[in-house]
Amino acid sequence: MTEEAPIPAVHLSAVDKTFGAGTSASVTALEGIDLTVAPGEFVSLIGPSGCGKSTLMRIVADLEQPTSGTVAVFGKTAKQARVDQDYGIAFQAAGLLPWRTVRANIELPLELHGTKKAQRRARADELLETVGLTDFANHRPEQLSGGMQQRVAIARSLAEQPRLLLMDEPFGALDEMTRERMQGELLRLAAATGCAVVFVTHSIPEAVYLSDRVVVMSPRPGRIAEIVPVSLGERTEDTREAGDFFAAVTAVREALRGHPSDPDAPLRGVDLR
Ligand SMILES: Nc1ncnc2c1ncn2[C@@H]1O[C@H](COP(=O)(O)OP(=O)(O)OP(=O)(O)O)[C@@H](O)[C@H]1O
């Protein structure tokens, strides 16, 4: 008996997106995107500024509609998946409510879905501990550093234990040390909950460190130029120093440049460090 393939976390087929179609200001942001993300898989999107990474994430999150093509999230329409809270979102700007405490921000998605107070509190305590902010539960976002605010946003995105996390440059505002620590924490959380992650970044090493596959996009109109598989096994302190790690970084860099023989090709908006 053959085993049936599990329903993908995300399945995009022939997705195009044109903003302002039919006007003189028409912009084709995405063209012919085919992408499947398996349950529990970690996939990063990387590409030059304006290549449509955020647009792609917004389409999966049902915040934007494709001009053509189909989108399925756990086999459902993007809209149904949103209604069913199948995914958590942590996008660039932390998007916290300034008048709510850290705890109340983390509890918000649970509150909106009618979770009882005691359960909300218990879940928030757990998440505060996970992101190392227990001592700041009663602070307001403005009393925290940018990195701490990002961690609150990540805790909030995990509140409902989603099977899928959509993260658009969540670590962009963090200093290097905090960023590396958060990368480790994210991998631990993803492994512990088994959730799939789609992650936008401008950093090649970050994409390689985190991902099972790195999706390299071409300049606008954004197409998938190449998908680079990363087989580094379990990440440890030493992973970033390993030869395999540098080989994968080089593979992504070359895919971004289009071909290896053109080292000076422009890579606007991509951090090569
Ligand atoms: N709401 C919108 N209306 C019109 N054009 C848009 C809209 N949103 C995005 N675009 C255009 O679509 C293209 C892709 O934008 P998008 O933000 O998805 O790129 P990105 O790869 O995430 O860029 P960056 O790396 O700089 O964040 C850009 O040319 C942008 O100007």
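Labelled according to an unreviewed UniProt entry, the chain appears under the name ABC transporter ATP-binding protein, originating from Spongisporangium articulatum.

Draft legend 1. Summary view of the overall build of the chain. The helix and strand inventory of the chain stands at 8 helices and 9 strands. Relative to its length of 273 residues, the chain is compact, with a C-alpha radius of gyration of 19 Å against a globular reference of 19 Å. Viewed in the frame of its principal axes, the chain has a C-alpha envelope of about 55 × 55 × 45 Å. Burial analysis of the chain (273 residues in total) assigns 38% to the buried set. A fraction of 69% describes how many contacts in the chain between residues 6 or more apart in sequence connect residues 24 or more apart.

Draft legend 2. Structural view of the site of the ligand. Around the ligand lies a shell of 14 residues, among which F19, A29, S49, S54 and T55 are the nearest. Breaking the shell around the ligand down by element, the ones donating at least two residues are strand 2 (27–37) and helix 1 (53–60). The greatest single-element share of the shell around the ligand, amounting to 3 residues, is contributed by helix 1.

Draft legend 3. Spatial organisation of unusual backbone geometry. Between R220 and the following residue, P221, the backbone shows a cis peptide bond with an omega angle of 0°. Phi angles above zero are rare outside glycine, and Q85 is one such case at about 55°. For Q85, the position within the fold is in the loop between helix 2 (78–83) and strand 5 (87–90). Judged by local crowding, Q85 falls into the partly exposed class, with 16 C-beta atoms found within 10 Å. Here E169, not a glycine, exhibits a phi torsion of approximately 50°, which is positive. With respect to the helices and strands, E169 occurs in the loop between strand 6 (164–168) and helix 6 (176–193).

Draft legend 4. Structural detail: the sheet that holds strand 2. Reading across the sheet, the 3 strands line up as 2-1-4 and stay open at both edges, with antiparallel pairing between neighbours. Edge strands, defined here as strands with exactly one partner in the open sheet, are strand 2 and strand 4 (68–73). Geometrically, the sheet is characterised by an average inter-axis angle of 20° between neighbouring strands, direction not taken into account. Judged from the 5 bridges that link them, strand 1 (residues 10–19) and strand 4 form a sheet pairing that is antiparallel. Bridge assignment links H11 to a residue of strand 4, and that residue is A72.

Draft legend 5. Molecular detail of helix 4 (residues 117–130). Under the 1.5 Å per step criterion, the end-to-end length of helix 4 is 20 Å for 14 residues, consistent within 8% with the ideal 20 Å. Turning to helix 4, its buried residues number three or more, namely R120, R123, A124, L127 and L128. On an axial view of helix 4, the arc spanned by its buried residues comes to 140°, and they lie on one face. Every exposed residue of helix 4 that faces more than 90 degrees away from the buried side is listed here: A118, Q119, A122 and E129. Looking at the packing, one finds that the buried side of helix 4 touches helix 3 (102–112) and helix 5 (146–158).

Draft legend 6. Representation of the sheet that holds strand 5 in the model. With mixed pairing, 6 strands are arranged side by side in an open sheet as 5-6-7-3-8-9. Looking at which strands have only one partner, the edges of the open sheet turn out to be strand 5 and strand 9 (224–229). Going across the sheet, the axis of each strand differs from the next one's by a mean of 15°, ignoring polarity. Its contacts with the sheet place helix 8 (residues 243–257) against strand 3 (42–46), strand 8 (213–217) and strand 9, and it is angled at close to 175° to strand 9.

Draft legend 7. Layout of helix 1. With respect to burial, helix 1 is a largely interior element, 7 of its 8 residues being buried. Buried within helix 1 are the following residues: K53, T55, L56, M57, R58, I59 and V60. D62 occupies a position one or two residues after helix 1 and carries a positive phi of about 65°.

Draft legend 8. Quick peek at the pairing of strand 7 (residues 196–200). Of all 5 residues in strand 7, 5 are buried; the element is thus mostly enclosed. Neither face of strand 7 is open: one carries A196, V198 and V200, the other V197 and F199, and all of them are buried. Bridging between strand 3 and strand 7 involves 4 bridges; their strand directions are parallel. When the bridges of strand 7 are listed, S44 appears paired with F199. Pairing geometry for strand 6 and strand 7, over 5 bridges, is parallel. The residue bridging L166 from the neighbouring strand is V198, located in strand 7. Running through helix 6, the crossover from strand 6 to the neighbouring parallel element strand 7 is right-handed.

About the cut-offs
Residues numbered from 1 in each chain as written. Predicted model: local features only at pLDDT ≥ 70, side-chain atom pairs only at ≥ 80, totals over all residues. Helix = DSSP H or I, 4+ residues; strand = E, 2+ residues; numbered from the N terminus. Rg over C-alpha atoms; globule rule 2.2 N^0.38 Å. Buried ≥ 20, exposed ≤ 12 C-beta atoms within 10 Å, placed from the backbone. Contact = placed C-beta atoms within 7 Å. Near = placed C-beta within 6 Å. Pairing = 2+ DSSP bridges. Axes fitted to C-alpha atoms, helices over the stretch in contact; angles between N-to-C directions. Expected span 1.5 Å × (residues − 1). Arc of directions from axis to C-beta. Right-handed = clockwise from strand over helix to strand, strands pointing away.

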